[in-house]
Amino acid sequence: MLSITRNNRSTMITLDTTNLEKVIPEHGLSTSEMEQYANGLKVYLDNFLQLDQDFYKVIDDVTAVNRIHEFYLQTKGKFNDIIVLGIGGSSLGTICLQQSLKHLFEHELKKTEWPRLHVLDNIDPALMREIEDVIDYEKTLFLVVTKSGGTPETLSQYFYFEDRYKQKGLDSKNYFVFVTDPEKGLLRKISREKGIAAFDVPATVGGRFSVLTSVGLLPAALIGIDIEKLLEGARSMRDRFLSESFSENLPYQLAVMQYLLSKKGKSINVLIPYSQKLIRFADWYRQLLAESIGKKMNRKSEVVHVGLTPVNALGATDQHSQLQLYNEGPNDKFFLFIEVANLGEPLKIPYLSDDESVAYLKNTSFNELLNIEKAGTEGALTQNDRPNITIKIPEVSPFVLGELFMLFEGATAFLGELYDIDAFDQPGVELSKNITKKLLVEGTNVVP
Ligand code: PA5
């Protein structure tokens, strides 16, 4: 059993919820509405802590981190490409880590010491064929990531590439590493039979909550992301998640807002980072919220059909794609902005025209323009009585990303308690997996 260590650096994230009070009460939330839930915090927290769910404990797993470091040292310089085979919770966190924390054009840079990372999270043959065009098998490491060890998409990809090594007369155990359940599943069995190294996904951590296990940490470390800082950030937000004080507990506050606004008809949650780096964070969260909270039954076995529909948007890009709908379409959405205070060295916008129509660009920078555009969008939504909050972060760094993962995982766990549903299963996904398998075996449509 893992013990929980306290963190020595405090959270750097704040929630600005002032706009919820500015929109009319029918569509917003007052402080008193929120505070009515303050007393429930301890009960919901205690209920959650009874569950066998350890996403908030695995971030103390020093043994896993040490093993990842050892593996990194053993493989350093051996591979040009790393390919992750995985889907859903086994890939989205890794995609987010790479997008958020690595140079966006790293491999166009003249010199980089890090291997290229490709995440194959689909079975479209075009993807498989085209990756083969750019890799050298002898300089490629495959990370096969599947918690269950039996996901058809991931297993079929593994078989394909394993066969490639066989055809080339190369010993696959030098080119494959598995990340899977410590005991169960086909992949674990294969790892034992073939002597392929395997890292664990703890049985008590669900796929979509597993980014801070070897699932995300191993690929991240292999491309040079500071995983210690990531975990440190997660631990700092974990302190908030476990706090019984309403004002301290940001994950609970977030969940209460999502829950209460869904009761006011805002069942669509739009996450809008004003940061190119965080575009994939919104993808990661989309799965977490959709699979965790979209449920037919509650814990009393009543049919409830609850769910929050996650939508991804990107500032400023989607102002020219979605904003018309958001401002004037149905008032059925809750907007969650992410605002980054430090977007790096100010990048000045040269003032090359004295035309009046662009006077507003004088003496400004891209940094300022992006955040002011966010303020404009937020202002318009508020004027139109569209509930919105801003998650303010100081920068996009490993520490802050760790905090963000834990903020949203913690909020999702609390949402499960507020709706009284199991946020950690996915019967709807399992059903489609079973039907697909039957279709493949029987070749007939088994849908009644
Ligand atoms: O959250 C989940 O459990 C799922 O979305 C899984 O991550 C996804 O189905 C992939 O499963 P596995 O990691 O077992 O291959």
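Refer to the structure above for everything that follows.
Residues numbered from 1 in each chain as written. Predicted model: local features only at pLDDT ≥ 70, side-chain atom pairs only at ≥ 80, totals over all residues. Heavy atoms only, no water.

Asker: I tried to follow the packing of helix α10 (residues 227-241) against helix α15 (residues 398-419) on my own but got confused; where do I start?
Answerer: Two packed helices can be described by the angle between their axes and the distance between those axes. One can describe the packing of α10 onto α15 by two numbers: an axis separation of 6 Å at closest approach and a directional angle of 35°. Note on packing geometry: the crossing formed by α10 with α15 is right-handed. Across the interface between the two elements, Lys-229, Leu-230, Glu-232, Gly-233, Ala-234, Ser-236, Met-237, Arg-238 and Phe-241 from α10 touch Pro-398, Phe-399, Leu-401, Gly-402, Glu-403, Met-406, Leu-407, Gly-410, Ala-413 and Phe-414 from α15. Along the lines of polarity and charge, the residues of the contact of α10 with α15 split into 11 nonpolar, four polar and four charged. (Axes fitted to C-alpha atoms, helices over the stretch in contact; angles between N-to-C directions. Helix = DSSP H or I, 4+ residues; strand = E, 2+ residues; numbered from the N terminus. Left-handed = near helix turned anticlockwise from the far one by under 90°. Contact = heavy atoms within 4.5 Å. Nonpolar A, V, L, I, M, F, W, Y, C, P; charged D, E, K, R; others polar.)

Asker: Would you take a moment to explain the pairing of strand β11 (residues 333-340) for this structure?
Answerer: Regular strands show a simple pattern: their side chains alternate between the two faces of the sheet. In terms of burial, β11 is a largely internal element, eight of the eight residues being buried. Burial of the side chains of β11 extends over both faces: Lys-333, Phe-335, Phe-337 and Glu-339 are buried on one face and Phe-334, Leu-336, Ile-338 and Val-340 on the other. Judged from the six bridges that link them, strand β7 (residues 268-273) and β11 form a sheet pairing that is parallel. In the sheet register, Asn-269 faces β11, and the bridge partner there is Phe-334. (Buried < 20%, exposed > 50% of the residue type's maximum accessible area, 1.4 Å probe, protein only. Pairing = 2+ DSSP bridges.)

Asker: What's the story with the environment of Thr-377 in this structure? I'm lost.
Answerer: Note that Thr-377 resides in helix α14 (residues 366-383). Residue Thr-377 is classed as buried on the basis of its relative accessible area, which comes to 4%. Distance from Thr-377 to Gly-315, taken between C-alpha atoms, is 9.1 Å for residues 62 residues apart in sequence. If near-sequence neighbours (up to four positions away) are discounted, Thr-377 is found in contact with Tyr-274, Gln-319, Leu-323 and Phe-337.

Asker: For this particular structure, what's the right way to read the sheet that holds β7?
Answerer: Strand pairing in a sheet is mediated by backbone hydrogen bonds. Such pairs are either parallel or antiparallel. With respect to topology, five strands assemble into an open sheet ordered β1-β12-β11-β7-β10, the strand pairing being mixed. The sheet terminates laterally at β1 (14-16) and β10 (309-312), the two strands that pair on one side only. Taking the axes of each pair of neighbouring strands and ignoring which way they run, one obtains an average angle of 25° across the sheet. Across four bridges, β7 lies against β10 in parallel orientation. By the bridge assignment for β10, Asn-269 is matched with Pro-310.

Asker: It is not clear to me how the pairing of strand β12 (residues 388-393) should be interpreted in this structure. Could you clarify?
Answerer: Buried residues dominate β12, accounting for five of its six residues. Pairing between β1 and β12: three bridges, direction antiparallel. Residue pairing across strands places Asp-16 opposite Thr-390, the latter belonging to β12. When β11 meets β12, the two strands line up parallel, connected through six bridges. Its bridge partner being in β12, Phe-335 is matched across the sheet by Asn-388.

Asker: I keep staring at helix α11 (residues 250-263) and nothing clicks. Help me out?
Answerer: Each full turn of the α-helix corresponds to 3.6 residues, which orients residues three or four apart in the same direction. Its 14 residues give α11 an end-to-end C-alpha distance of 20 Å, which sits within 8% of 20 Å, the value for a rise of 1.5 Å per residue. Burial analysis of α11 places 13 of its 14 residues in the buried class, the great majority of the element. One side-chain oxygen of the residue at the start of α11 lies 3.0 Å from the amide nitrogen of Tyr-252, identifying that residue as Asn-249. Positive phi appears at Gly-265, one or two residues downstream of α11, with a value of about 85°. (Expected span 1.5 Å × (residues − 1). Polar contact = N/O pair within 3.5 Å; in protein donor to acceptor, adjacent residues only side chain to side chain.)

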